[in-house]
Amino acid sequence: MDAGAERIRQEAQRDRDNRDNLLGPEIARRKRKKKGSSSSTSNSTVAEATEIQKSLSRTQALLGNELKRVSHVASSIDDDGKMLEETMNEHQIMNVSKAKKALTNLQLAQQREQRYLTASIVFFWLVIAYIFWARVVLNLPLIDTTIYSIRKLFQKLLL
């Protein structure tokens with residue numbers, strides 16, 4: 001609780017200091033006037049008006065400088081935002097082109113593997129057919145006798 005009260009007191013003191021810096025000698029003169037004489041003359045009124053005018057001029061200059069600074073910061077932020085957006089677009093384009101290239105390479109590799117697999121299966125079935133033909137079909141007695149009979153028939157026809 002003491003830290004909170006201390007912080008509030010420090011903020012109040014800072015506000016008073018800022019007000020004193022902004023308004024300058026005007027506040028000090030008003031404080032002296034309250035403590036000192038209560039008579040007001042036209043000179044003091046003119047002096048007060050002049051001090052208030054100077055204070056307002058300082059305030060206007062300060063606000064003008066802050067406005068220029070904020071405007072400059074805003075334009076810098078806009079420029080940085082545009083630059084970041086351009087960079088992001090470039091990276092997206094690069095990533096898309098790399099992804100397309102990788103996908104194309106992957107599709108080509110898949111097609112090549114599909115051809116290898118098809119060729120392997122065809123070769124496998126051809127080997128099975130050859131083995132079946134060599135071991136089974138040619139060794140059957142019926143086929144052997146049929147082939148022998150067909151040969152004799154052709155020999156008789158040709159002679």
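All of the points below concern the structure found in this document. Please read all numbers here as calculations on a predicted model, not as lab measurements. (Residues numbered from 1 in each chain as written. Predicted model: local features only at pLDDT ≥ 70, side-chain atom pairs only at ≥ 80, totals over all residues. Heavy atoms only, no water.)

1. Quick word on the overall build of the protein chain
Phase 1: Counting its regular elements, the protein chain contains 4 helices and 0 strands.
Phase 2: Across the protein chain, helices and strands are ordered from the amino to the carboxyl terminus as α-α-α-α.
Phase 3: Scored against the burial criterion, the 159 residues of the protein chain give a buried share of 4%.
Phase 4: Roughly 14,600 Å² of accessible area belongs to the protein chain as shown, and the carbon and sulfur atoms make up 63% of that amount. (Helix = DSSP H or I, 4+ residues; strand = E, 2+ residues; numbered from the N terminus. Buried < 20%, exposed > 50% of the residue type's maximum accessible area, 1.4 Å probe, protein only. Areas by Shrake-Rupley, 256 points an atom, 1.4 Å probe, with all protein chains shown as cover.)

2. Describing the packing of aromatic side chains
Phase 1: Enumeration over the complete set of coordinates arrives at 1 aromatic pair.
Phase 2: Taken together, a centroid distance of 5.6 Å and an interplanar angle of 75 degrees make the contact between F124 and W125 edge-to-face. (Phe/Tyr/Trp six-rings, centres within 6.5 Å; stacked < 30°, edge-to-face > 60°.)

3. Some remarks on a nonpolar patch on the surface
Phase 1: Among the surface-exposed residues, L117, I121, F124, W125 and I128 lie close enough to one another that they form a single nonpolar patch of about 520 Å² accessible area.
Phase 2: Position of I121 among the secondary structure elements: in helix α3 (residues 42–137).
Phase 3: Relative accessible area serves as the criterion here: at 43%, I121 is assigned to the partly exposed category. (Patch = residues over 30% accessible without salt bridge, like charges linked within 9 Å, V, L, I, M, F, W, Y side chains within 5 Å. Salt bridge = Lys/Arg side-chain N within 4 Å of Asp/Glu carboxyl O.)

4. A few points about the environment of T118
Phase 1: Note on placement: T118 falls in helix α3.
Phase 2: From its side chain, T118 meets the backbone oxygen of Q114 in a polar contact 2.9 Å long. (Polar contact = N/O pair within 3.5 Å; in protein donor to acceptor, adjacent residues only side chain to side chain.)

5. A closer look at the pattern of salt bridges
Phase 1: Applying the stated criterion across every chain, the model contains 2 salt bridges.
Phase 2: For E66, the salt bridge identified is with R69, shortest N-O distance 3.0 Å. Linking E66 with R69, this pair stays in helix α3, spanning 3 residues, or about one helical turn.
Phase 3: Residue R69 is classed as partly exposed on the basis of its relative accessible area of 48%.

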